[in-house]
Amino acid sequence: YSYKSIDQHVKKMIVYTDHEARLLYEKGVRVSGTRVIWLCAFKPLIAFIRKYFFMFGFLDGIRGLIISLFTAFTVFLNYAKVWQIQKDTGRKDPAA
């Protein structure tokens, strides 16, 4: 594992999601309307299932579960931060 503690993992996650959210926003990704459910609920769930089951995270016990949950939370955080960028810049989609 590349992180020695949960604190270290969370700190890196914050840095990476700040960067990723900015890139998503610049690519034109917007969080609004019914897309909120897809981006903030289903995509993180799919990320968890992929990591825990298809990438065999369950074989690592509690570590695998924690990493899979962090993966899902990272996906959620990316889109939550895109929403925050939209709100802060005032450039929401008209459908929002």
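Thresholds, definitions, all that
Residues numbered from 1 in each chain as written. Predicted model: local features only at pLDDT ≥ 70, side-chain atom pairs only at ≥ 80, totals over all residues. Heavy atoms only, no water. Phe/Tyr/Trp six-rings, centres within 6.5 Å; stacked < 30°, edge-to-face > 60°. Helix = DSSP H or I, 4+ residues; strand = E, 2+ residues; numbered from the N terminus. Buried < 20%, exposed > 50% of the residue type's maximum accessible area, 1.4 Å probe, protein only. Salt bridge = Lys/Arg side-chain N within 4 Å of Asp/Glu carboxyl O. Core = buried A, V, L, I, M, F, W, Y, C linked by side-chain atoms within 4.5 Å. Contact = heavy atoms within 4.5 Å.

## Focus: the packing of aromatic side chains
With the rule as written, the count across this model stands at 6 aromatic pairs. Relative to tyrosine 52, the ring of phenylalanine 48 has its centre 5.3 Å away and its plane inclined at 15°; by these criteria the two rings are stacked. With phenylalanine 48 and tyrosine 52 both in helix 2 (residues 35-54), this residue pair falls 4 residues apart, about one helical turn. The class of phenylalanine 48 is buried, set by a relative accessible area of 16%.

## A look at the pattern of salt bridges
All chains considered together, the criterion is met by 1 salt bridge. A salt bridge links aspartate 18 to lysine 81, with the shortest nitrogen-to-oxygen separation between them at 2.5 Å. Of this pair, aspartate 18 sits in helix 1 (residues 6-26) while lysine 81 sits in helix 3 (residues 61-89), placing them 63 residues apart in sequence. Judged by its relative accessible area of 42%, aspartate 18 falls in the partly exposed class.

## Brief notes about the environment of phenylalanine 56
Following the sequence through the fold, phenylalanine 56 ends up in the loop between helix 2 and helix 3. Judged by its relative accessible area of 48%, phenylalanine 56 is partly exposed. For the pair formed by phenylalanine 56 and aspartate 88, sequence separation is 32 residues and the distance between their alpha carbons is 39 Å.

## Points about the nonpolar core
The biggest cluster of nonpolar side chains holds 12 residues, and these are Ala21, Leu24, Tyr25, Val29, Val31, Leu39, Cys40, Ala47, Val75, Tyr79, Val82 and Ile85. Listing elements by their share of this core, those giving two or more residues are helix 1, helix 2 and helix 3. In this structure leucine 24 touches Val29, Asn78, Tyr79 and Val82, once residues within four positions along its chain are discounted.

Remember, this is a structural readout, not a statement about activity or role.
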